[in-house]
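Overview (structure and organization)
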Amino acid sequence: MSGFALEVTGLRAGYGRSEVLHGVDLRVPSGAVVALLGANGAGKTTLLSTIAGLIDATAGTIAFAGSTIERRPAYERARAGICLIPEGRGIFRELTVAENLAVQVGGPVDDAVERLRARFPQIGERLADRLGQPAGTLSGGEQQMLALARGLLTDPTLVLADELSVGLAPVVVDSIFDALATVREQGASMLIVEQYVERALAIADYVVILHKGRVAFVGEPAQCLASDVFDRYLGSAA
Ligand code: ATP
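The following paragraphs examine the structure supplied in this document. (Residues numbered from 1 in each chain as written. Predicted model: local features only at pLDDT ≥ 70, side-chain atom pairs only at ≥ 80, totals over all residues. Heavy atoms only, no water.)

Moving on, we come to the overall build of the chain. Across its full length, the chain carries 10 helices and 10 strands. Computed over C-alpha atoms, the radius of gyration of the chain comes to 17 Å, within 12% of the 18 Å expected from 2.2 N^0.38 for 238 residues, which places it in the range of a compact globule. With the principal axes as the frame, the chain shows a C-alpha extent of 45 × 35 × 35 Å. Across the chain, every contact between residues at least 6 apart in sequence was considered, and the portion connecting residues at least 24 apart equals 67%. Averaging the locations of the 21 positively and 27 negatively charged side chains of the chain gives two centres separated by 6 Å. (Helix = DSSP H or I, 4+ residues; strand = E, 2+ residues; numbered from the N terminus. Rg over C-alpha atoms; globule rule 2.2 N^0.38 Å. Contact = heavy atoms within 4.5 Å. Lys, Arg positive; Asp, Glu negative; His and termini not counted. Charge placed at Lys NZ, Arg CZ, Asp CG, Glu CD.)

Written out as structure tokens, the structure is:
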């Protein structure tokens, strides 16, 4: 097996006739965290969705843990260990916290809650106190924690995280990044899209900058800081 959890080569994808990704090459080494940055509309969400199988690739290949997956349905990719935590949270608002977790684990949630408390205490405790509450009535931060918890309960080996911290208070963002750090310590690889560039750089081993559907830069965080790539591709976001 290669030393890459994920290898994307020449990937093209979009919406109907409108191509958004024009041949993207990207690698996530096993156990590494890659920050995927870029201006609004660069194609970051489209790339994560295509890797997860929610959008079909029109060309190119996606290899996950050495197997080609670009023709496999999303549920098989999820079962193989790829977990997309979508922007906008992707939880069932009318269902309770416990029911949201039950949908994920496919049965009673007691064990799941205990696992969450043991492995991700900040998130597990908070959710454990709110098991009977409809998810739609949670605070924004708690909703994001629930979305993250659902994903992490699948024991993913590749986490695709799309703007987890958007709109959240700094203290909640801390909890979420603590959880991501734990996931990484447990050996998972990650591709994270993040508005807060500093936060992303603090956790990332590598940075990939997407610009108009193409990779414009690949390097280590220190190389970004020492160059003008943020000014060129992210504008005021940096
Ligand atoms: P943002 O930071 O704003 O979320 P992004 O880098 O994640 O941006 P995408 O959401 O992947 O970018 O969008 C890339 C392009 O695809 C944009 O031009 C967007 O308008 C277009 N697009 C996204 N979703 C759809 C859709 N469902 N149908 C048609 N076009 C879409």
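On we go from here.
Neighbouring the ligand are Y15, V20, A39, N40, G41, A42, G43, K44, T45, T46, E87 and E163. A distance of 2.8 Å separates an oxygen atom of the ligand from a polar backbone atom of T45. Measuring from an oxygen atom of the ligand, one finds a side-chain N or O atom of T46 at 2.5 Å. Burial of the ligand by the protein amounts to 57% of the accessible area it has alone, namely 630 Å². Grouping the amino acids of the shell around the ligand by side-chain chemistry returns four nonpolar, five polar and three charged. (Near = heavy atom within 4 Å. Polar contact = N/O pair within 3.5 Å; in protein donor to acceptor, adjacent residues only side chain to side chain. Areas by Shrake-Rupley, 256 points an atom, 1.4 Å probe, with all protein chains shown as cover. Nonpolar A, V, L, I, M, F, W, Y, C, P; charged D, E, K, R; others polar.)

Another aspect to go through is the sheet that holds strand β7 (residues 158-162). Read across the sheet, six strands follow the order β6-β7-β8-β3-β9-β10 without closing on themselves; strand pairing throughout is mixed. Only two strands of the sheet have a single partner each, and these edge strands are β6 (82-85) and β10 (214-219). Looking at each pair of strands side by side, their axes are set apart by 15° on average, direction ignored. Pairing geometry for β6 and β7, over four bridges, is parallel. In the strand pairing of β7, C83 is matched with V159. Packed onto the sheet, helix α1 (residues 44-52) meets β3 (33-37), β6, β7, β8 (189-193) and β9 (206-211) and runs at close to 150° relative to β7. (Pairing = 2+ DSSP bridges. Axes fitted to C-alpha atoms, helices over the stretch in contact; angles between N-to-C directions.)

With that out of the way, let us pick up the nonpolar core. Among the nonpolar cores identified, the biggest contains 38 residues, and L101, I123, L146 and L148 are the most heavily contacted of them. Elements with a minimum of two residues in this core: β6, α3 (97-105), α4 (110-119), α5 (121-128), α6 (140-152), β7, α7 (170-185) and β8. Ranked by residues supplied to this core, first place goes to α7 with seven residues. Here L146 is in contact with I91, V97, N100, L101, L127, A135 and L138, once residues within four sequence places are set aside. A13, L21, I55 and V193 belong to the second largest nonpolar core, which has 28 residues in total. (Core = buried A, V, L, I, M, F, W, Y, C linked by side-chain atoms within 4.5 Å. Buried < 20%, exposed > 50% of the residue type's maximum accessible area, 1.4 Å probe, protein only.)

A separate point is the packing of aromatic side chains. Here a ring pair, both rings aromatic, is described through the centre-centre distance and the interplanar angle of the planes. Taken as a whole and assessed by the stated rule, the structure comprises zero aromatic pairs. The ring of F177 is capped by R199, whose NZ or CZ atom sits 5.8 Å from the centre of that ring. (Phe/Tyr/Trp six-rings, centres within 6.5 Å; stacked < 30°, edge-to-face > 60°. Lys NZ or Arg CZ within 6 Å of the ring centre and 35° of its normal.)

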